[in-house]
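Here are the chains, one letter per residue:
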Amino acid sequence: RRWLASSILIYFSYICRSFTRASALLTRTHINYGVKGDVAVIRINSPNSKVNTLSQELHSEFMEVMNEVWSSSQIRSAVLISTKPGCFIAGADLNMLNACTTSQEVTQISQEAQKMFEKLEKSTKPVVAAINGSCLGGGLELAISCQYRIATKDKKTVLGSPEVLLGILPGAGATQRLPKMVGIPAAFDMMLTGRSIRADRAKKMGLVDQLVEPLGPGVKPPEERTIEYLEEVAITFAKGLADKKITPKRDKGLVEKMTSYALSIPFVRQQIYKKVEEKVRKQTKGLYPAPLKIIDVVKTGIEQGSNAGYLSESQRFGELAMTKESKALMGLYRGQTQCKKNKFGAPQKEVKQLAVLGAGLMGAGIAQVSVDKGLQTILKDTTLPALGRGQQQVFKGLNDKVKKKTLTSFERDAMFSNLIGQLDYRGFEKADMVIEAVFEDLSLKHRVLKETEAVIPDHCVFASNTSALPIGEIATVSKRPEKVIGMHYFSPVDKMQLLEIITTEKTSKDTTASAVDVGLRQGKVIIVVKDGPGFYTTRCLTPMMSEVIRILQEGVGPKKLDSLTTSFGFPVGAATLVDEVGVDVAKHVAENLGKEFGERFAGGSLEMLQQMISKGFLGRKSGKGFYIYQEGVKNKNLNSDMDSILASLKMPSQPDVSSDEDIQYRLVTRFVNEAILCLQEGVLATPTEGDIGAVFGLGFPPCLGGPFHFVDLYGAQKIVDRLRKYEAAYGKQFTPCQLLVDHANNPNKKFYQ
Amino acid sequence: MTSLLTYTFKNLRNTSKWALRFCKFHLFFLFKIRFESSQTKSKKTLAKPNIRNIVVVDGVRTPFLLSGTSYKDLMPHDLARAALSGLLHRTSVPKDVVDYIIFGTVIQEVKTSNVAREAALGAGFSDKTPAHTVTMACISSNQAMTTAVGLIASGQCDVVVAGGVELMSDIPIRHSRKMRKMMLDLNKAKTLAQRLSVISKFRLNFLSPELPAVSEFSTSETMGHSADRLAAAFAISREEQDEYALRSHSLAKRAQDEGLLSDVVPFKVPGRDTVTQDNGIRPSSLDQMAKLKPAFIKPYGTVTAANSSFLTDGASAVLIMAEEKALAMGYKPKAYLRDFMYVSQDPKDQLLLGPTYATPKVLEKAGLTMNDIDAFEFHEAFSGQILANLKAMDSDWFAQNYMGRKAKVGSPPLEKFNTWGGSLSLGHPFGATGCRLVMAAANRLRKEGGQYGLVAACAAGGQGHAMIVEAYPK
């Protein structure tokens, strides 16, 4: 006993001792550094986070370390590396920006970073950035301020300036350094699209100087050894740079030399600015201020010198951070991150064998996003031609990636071998989840559900991919309704990020966890909503579609309507959207929901859709809808046969609610009102899911941040006022819901606090 | 005791089937006694009850030459023929006794895709002896030998010639797929109009040729590149690799000078001088080697021309027989071919780790440990690959995390390892190396007096092979 006590004592004092020693050494939490020979190895690893972000603390610790490096006579060069797997620095700390209340504060943050990076750029001791994992935003700005960059050729290693996607611009010197480093056109491309660049591409562009191949297993885990190896290689280059054996200058190819010569002519540069600006204006329709400011800042730097450039960069950065667009986009970014997590926890049994019923557009799409993530998938249909079409769709989807060189043909083959096409239920006894994507017909879904339940094991989840049929109704014939759930995918499945998961009152939590888990593995952004007619997404879209018909009946042409909706920020015009969805589908949904919701879904006359169907104008799939679709013809023409239909159903328009702006707001307010009602009724659990669903599933303008951000940023009162005005003209379909009225009555009430 | 046993064994071999069956029982009995009584003195033999003993009577190879030298105008079957005639000459085996011929090759000459048959016909073997060709990258001739073992063990054959050939001086460079398609269409076109319409589709880029892939098909990575990454993964320095390569060249030089490479047979190349020895053995100095630039991962990789095996022309052949047949014919075999093992693993990150995986498995199968092995003959594709394999075999972490084993098998002691040189210095004609490894192991055991040899090799596709060679009692 005494022995035990004494050993505890020793142990305790040991802890104390090591603690005091550690606290003396480790005053820094984000960065530490060691010296190898005459090379300082600076290692970044922010505590308690999966990624490193450029926060205020990291910033100041880095400054401290660099000052020590610069003042030490022993150190001749430095390597900057992250020890966090899969992440160099993922960007600036967004909370730091969000905490600012004025543009001056943001400008100041930018100027501090500019100063630090300028000092780094002018360092007499060469600094090598050793990049493994994401190097984005502020991380890239830090890296390009170093004298040399070495990156691992890993799929996870990507470089980019995604600031524009958050409605801001790179505020720490990238607008000035990137054009010099990769040339003006490439710099514009990076900053205006925000696209991520893979390491091998970055090497070709001159964004990084050397590549390091990721390593396989040795006597340590591969990831660990790869970072170690990257560090070793970086150290040899740091030494070489300090000894002037290596020059950081890159040999340029002939094309590059010619381009840079051409760009030294002011006239050529002006033409480029003009072209880029035109393109941006056309694409953003003036709804996004950031891209234009980026062009402006780059131009200032090149034409008026870097001092003016840096000043302009920091000021525009401050201004942009305060815009509604930026706040909306940042909100969406946060929402997207939240919807990439499984808040229902890990499922009891991970789905290893998936089965998809129906090899149509949706079924094959679901199969594609499953097999390419390594999920064993059975694709079942009832006829060989239908199955073959589906298999070909999956193959084509994968093969397109081979053509784009994001996959090798071998990887494609290996992925495609995860797919088993069949006409019977063989192997279903081993399925962990079945997703049915058969035709939208309740009796067919019932039949399929019963057939499937006869062959699947007890634990197997049955998911229904439907856009409008209530899951509860489908589940009525189930022996085990707790295992039935809705998984509403959006078309085309491999492109659309959203997955709407629908739970009934009987769906078990584990079933939900399993569905979310599969969705996340398929790479989806997920919202989980309660069952009801039209769930959330279809329910929001339908009143807007009803208004679309009404507006068409009032004599606004499809082209005009399309331009009004796209100029409001929708990626696809409203009339085109009907064609894309399919007129028959639209009618089917509108009828069903109309029955459920009555006059709130009133507006346009369904007769129009009926007439279109009877003439075979089903939209894109039949070649004709509001427009005519021909293979290989880019500019689509109006379908002149629609004129008679439109004429026969014409209704008088009311001038005081029919201005262009009114038409836009009639569409949007109905959408927003229905979304808020969904939250009020508990169909939605959170406003975040409402925004993500609307933007990623339905194309609600991202610059508005989704219906809930829209209400927060533009004011509930203004929206209620609009609704009241339209209500007076048209009736109850415009009556604002209670929750919206509450928000209007209390300006302090916000969906996002 | 051992000699007594083999004597009994030998005498009993030629008796009738009845007697044979009896003798097997008898032998088994004796074997047990021997095993129990002489455990400390001598190691057990790996003979298995009810399975025929299979022996290598002898084996030869042509000198291995750097490609583009004296063999450059030959065709692969010419080289293979030289090895076969060399074997005939060396063993004086009557041609009509040979039941079957198997050759391994990697880069196939399309005109002689069954190179075994073409070579055998020209080498003077009976045209009644069937022949086939196998391919399994760098372990093709290992596959030829083990195929022979299978044929004999199952009683289908008694005498099989196995070998391998590679001629890297000439490789099949093809027309592009588009050009080939056009030429085939042109063949089918019947009228002038049809022909003209086919020809009109011609584009200049059709003429760009298609080389045989130097890279792994599944990963598109060249082997040298993979070897460099492997060396880095196991933290093997450039210096270590150069030192190992120098060792290989020095040992090969000594073996050559001392006349130990007795499997080499001279080859009178038509129109040229007689080639008598390997020409790739070039011991250099570490300083000289340090000057070379990396060959694959530039500019900082560690694999160079000096620490990699070079492109080689060469052929090899061995005569494999059922033991009783060999004895009946009055041969004194060189070695038994015992347990063997093929393995495969991830072709990307573990492309060249075949020996690491195969070694513990084959030892386990044979009931041996590393300590029982007297001669290790490992194929040296790259210095970095050999050193990585040695480190992997010596790592508990690797064994536990990647091989699903409780503990490491251990690294072979270098004093028993490739002591007469290896592929780095002697050369590596892909399809022919396996037979060279087996003969080196057999000859070393005879010369140095050991009992067991372990042959191991890696191969493209992430495959590997190991085999136990047991010295034939003198």
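Residues numbered from 1 in each chain as written. Chains lettered and ligands numbered in written order. Predicted model: local features only at pLDDT ≥ 70, side-chain atom pairs only at ≥ 80, totals over all residues. Heavy atoms only, no water.

## Looking at the sheet that holds strand E6 (residues 134-136) of chain A
Residue and element names in this part refer to chain A.
Item 1. Strands sit in the order E4-E6-E8-E9 across an open sheet of four strands; the sheet is mixed. One side of each edge strand has no neighbouring strand; the edge strands of this open sheet are strand E4 (87-89) and strand E9 (197-198).
Item 2. The sheet contact formed by E4 and E6 spans two bridges and is parallel. Considered in E6, the bridge of Ile89 is made with Cys135. (Pairing = 2+ DSSP bridges. Helix = DSSP H or I, 4+ residues; strand = E, 2+ residues; numbered from the N terminus.)

## Some remarks on the pattern of salt bridges
Item 1. This structure, assessed with the given rule, holds 76 salt bridges over all chains.
Item 2. Note that Glu121 of chain A is salt-bridged to Arg177 of chain A, the shortest N-O span being 3.1 Å. Taken together, the residues Glu121 of chain A in helix H4 (residues 103-121) and Arg177 of chain A in helix H6 (residues 174-182) connect sequence positions 56 residues apart.
Item 3. For Asp127 of chain B, the salt bridge is made with Lys128 of chain B, and the minimal N-O distance between the two is 3.4 Å.
Item 4. By relative accessible area, which is 48% here, Asp127 of chain B ends up partly exposed.
Item 5. Among the charged side chains, a network of salt bridges with common partners joins Glu547, Arg550, Glu554, Arg666 and Arg670 of chain A. (Salt bridge = Lys/Arg side-chain N within 4 Å of Asp/Glu carboxyl O. Buried < 20%, exposed > 50% of the residue type's maximum accessible area, 1.4 Å probe, protein only.)

## Focus: the packing of helix H15 (residues 361-371) of chain A against helix H16 (residues 384-403) of chain A
Residue and element names in this part refer to chain A.
Item 1. Interhelical geometry of H15 versus H16 gives an angle of 45° and a closest axis separation of 9 Å. Overall, the two elements H15 and H16 adopt an arrangement that is oblique. For the crossing formed where H15 meets H16, the hand is right-handed. Touching Leu361, Ala364, Gly365, Ala367, Gln368 and Val371 of H15 are Arg389, Gly390, Gln393, Val394, Gly397 and Leu398, all from H16.
Item 2. For the contact of H15 with H16, the class distribution of residues is six nonpolar, five polar and one charged. (Axes fitted to C-alpha atoms, helices over the stretch in contact; angles between N-to-C directions. Parallel < 35°, antiparallel > 145°, perpendicular 65-115°, else oblique. Left-handed = near helix turned anticlockwise from the far one by under 90°. Contact = heavy atoms within 4.5 Å. Nonpolar A, V, L, I, M, F, W, Y, C, P; charged D, E, K, R; others polar.)

## As for the side chain of Asn673 of chain A
Residue and element names in this part refer to chain A.
Item 1. Residue placement: Asn673 occurs in helix H27 (residues 660-680).
Item 2. Residue Asn673 is classed as buried on the basis of its relative accessible area of 4%.
Item 3. Setting aside residues no more than four positions away along its own chain, Asn673 makes contact with Leu723, Phe734, Thr735, Pro736, Cys737 and Leu740.

## Concerning the interface of chain A and chain B
Item 1. Listed by partner, the interface residues are 19 residues for chain A and 18 residues for chain B.
Item 2. Across the chain A to chain B interface the summed buried area is about 1600 Å²; carbon plus sulfur atoms make up 64%.
Item 3. Among the residues chain A hides against chain B, the three largest losses belong to Glu213, Pro217 and Val219 of chain A. Together they make up 33% of the total.
Item 4. Connecting chain A to chain B are zero salt bridges.
Item 5. Viewed at the interface, chain B and chain A are joined by three residue pairs in polar contact (both at pLDDT 80 or more).
Item 6. Of all the secondary-structure elements, those providing two or more residues to the side of chain A that touches chain B are strand E10 (210-212) and helix H9 (222-242) of chain A.
Item 7. Partitioning the side of chain A that touches chain B into residue classes produces twelve nonpolar, four polar and three charged. (Buried area = accessible area lost by both parts, 1.4 Å probe. Polar contact = N/O pair within 3.5 Å; in protein donor to acceptor, adjacent residues only side chain to side chain.)

## Points about the UniProt feature "active site" (unreviewed entry) in chain A
All names here are of chain A.
Item 1. Residues annotated in UniProt with the feature "active site" (unreviewed entry) correspond here to Glu500.
Item 2. By the element assignment, Glu500 lies in strand E17 (residues 498-503).
Item 3. For Glu500, a relative accessible area of 0% puts it in the buried group.
Item 4. Ignoring any residue separated from it by four or fewer positions in sequence, one finds Glu500 in contact with Gly486, Met487, His488, Phe490, Ile527, Val529, Phe535, Tyr536 and Thr537. (UniProt positions renumbered as here; feature names shortened; annotations may be inferred.)

## Some thoughts on the sheet that holds strand E2 (residues 39-44) of chain A
Residues and elements named next belong to chain A.
Item 1. Taken in spatial order, the six strands line up as E1-E2-E3-E5-E7-E10 in an open sheet, and their pairing is mixed. Of all the strands in the sheet, the pair left with one neighbour each is strand E1 (31-36) and E10. Averaged over all adjacent pairs, the angle separating strand axes in this sheet is 20°, with direction ignored.
Item 2. Pairing of strand E7 (residues 148-152) with E10 involves three bridges; the strand directions are parallel. When the sheet's bridge partners are listed, Ala151 is paired in E10 with Leu211.
Item 3. Its contacts with the sheet place H9 against E1, E2, strand E3 (77-82), strand E5 (127-131), E7 and E10, and it is angled at close to 160° to E3.

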